[in-house]
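Each chain, letter by letter, is given below.
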Amino acid sequence: MKLFITGGTGFVGGSLITRLIQDGHEITILTRSLKRVPPLPGGASYLEGDPGTEGPWQKRVGEHDGIINLAGASIFRRWTDSEKKLIRESRILTTKNIVKALEARRVDETHLLSASAIGYYGFQEDQELDERGPAGSGFLADLTREWESASLAAEGLGVRVVLTRFGVVLGKGGGALQKIIPLFKWWLGSPLGNGKQWFSWVHLQDLANIFPFLLEHREISGPVNCTAPGPVRNVDMTKTLGEVLNKPTFMPAVPGFILGTVLGEFGSMLLKGQRVLPKKLTDSGFHFSFPEIRGALEDLVGPSR
Ligand SMILES: NC(=O)c1ccc[n+]([C@@H]2O[C@H](COP(=O)([O-])OP(=O)(O)OC[C@H]3O[C@@H](n4cnc5c(N)ncnc54)[C@H](OP(=O)(O)O)[C@@H]3O)[C@@H](O)[C@H]2O)c1
């Protein structure tokens, strides 16, 4: 397939593009600046343009069979008012501009796989959440709902829309793990807050495999939880990470206010959570290479890594 990818230069995009190229897809990656992009394998090329503003890049979108929308400013930072505006607009405007570009598309059957997040469900206690779970409230939940509805507008154009609700993506060299591991190391592996909060995660390799699966399984549309089948409580994640890193986990829990001081409102993401299950993927026969946290962490940060 000919695929157009926004945000493809980031943490998820790197692994995803390698995977899609292996499958023989032809890829165009939209980037805001060609100056800081990594080299690409054959079969992929860059297009310079800012998805947050309308421009000549939009003319190219409709030449592709599939659009994978990953663009968005990082949320792994303190959430000041101006950062929140950037986090929100870099997703909503980008998505609206893609949908606008699709109005003039030349390809009949078009697939829009648009990133979303389990933040959609808000922070929940122990309730298991599949794709039918209710939307939550708060900054991330409100943002995610608006982001998804911007993507769903493409359905009115006859486009198949899949909302890939990512859990916390665990991979090497970036993402949440790069932020969490120093915290664990400073505190010798203490649980965060009361440690009972759920942590719904996905291994980057599994996430990269989910996209070709969704491109193939055209009967799937709407929200798809992209999380491992084995979410864990923070205290169990901490214990496992401590064992894998060979660090003791006997210190008292990191108090919530310290996380708030270090990470600002973003720290709330680590103190509260949600227990999400990938029902649509498992019902459709998707095979997770890393269904449980221990195997994922051993692969990513274990002694042989
Ligand atoms: N990583 C996770 O744990 C996680 C969890 C849930 C949801 N997600 C979502 O999945 C998507 C991909 O995640 P990721 O971890 O790969 O993100 P990432 O590493 O931060 O990369 C996102 C890409 O978006 C583009 N971008 C950054 N700021 C932008 C802005 N202001 N306007 C437009 N584009 C901008 C950049 O591409 P250029 O600089 O080349 O334009 C960047 O490479 C994001 O939308 C994220 O919200 C990720």
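Before reading on, note that the structure itself is shown above.
Engineer: Honestly, helix 11 (residues 293-301) in this entry has me stumped. Any pointers?
Structural biologist: At 3.6 residues per turn, the α-helix brings residues three or four places apart onto the same side. Buried residues of helix 11: Ile-293, Ala-296, Leu-297, Asp-299 and Leu-300, and no others. Viewed along the axis of helix 11, the buried residues span an arc of 160°, placing them on a single side of the element.

Engineer: Would you take a moment to explain the site of the ligand for this structure?
Structural biologist: Around the ligand, the surrounding shell holds 24 residues, and the nearest of these are Thr-9, Val-12, Thr-31, Arg-32 and Arg-91. One of the side-chain nitrogen or oxygen atoms of Arg-32 is found 2.8 Å away from an oxygen atom of the ligand. Leu-70 places a main-chain nitrogen or oxygen 3.0 Å from an oxygen atom of the ligand. Its free accessible area being 890 Å², the ligand has 85% of it covered by the protein chains. Contributions of two or more residues to the shell around the ligand are made by helix 1 (11-22), helix 3 (81-102), strand 5 (111-117) and strand 8 (168-170). Class assignment for the residues of the shell around the ligand results in 13 nonpolar, eight polar and three charged.

Engineer: I keep staring at the nonpolar core and nothing clicks. Help me out?
Structural biologist: Nonpolar side chains in soluble globular proteins generally cluster together in the buried interior. Counting 62 residues, the largest nonpolar core has Ile-27, Leu-70, Phe-166, Leu-170 and Leu-207 as its most contacted members. Excluding anything up to four places from it in sequence, Ile-27 contacts Leu-3, Ile-5, Ile-17, Leu-20, Ile-21, Gly-43, Ala-44 and Ser-45. In terms of nonpolar packing, the next biggest core, distinct from the first, is built from 15 residues, Ile-67, Ile-98, Ala-154 and Leu-163 among them.

Rules and cut-offs
Residues numbered from 1 in each chain as written. Predicted model: local features only at pLDDT ≥ 70, side-chain atom pairs only at ≥ 80, totals over all residues. Heavy atoms only, no water. Buried < 20%, exposed > 50% of the residue type's maximum accessible area, 1.4 Å probe, protein only. Helix = DSSP H or I, 4+ residues; strand = E, 2+ residues; numbered from the N terminus. Arc of directions from axis to C-beta. Near = heavy atom within 4 Å. Polar contact = N/O pair within 3.5 Å; in protein donor to acceptor, adjacent residues only side chain to side chain. Areas by Shrake-Rupley, 256 points an atom, 1.4 Å probe, with all protein chains shown as cover. Nonpolar A, V, L, I, M, F, W, Y, C, P; charged D, E, K, R; others polar. Core = buried A, V, L, I, M, F, W, Y, C linked by side-chain atoms within 4.5 Å. Contact = heavy atoms within 4.5 Å.

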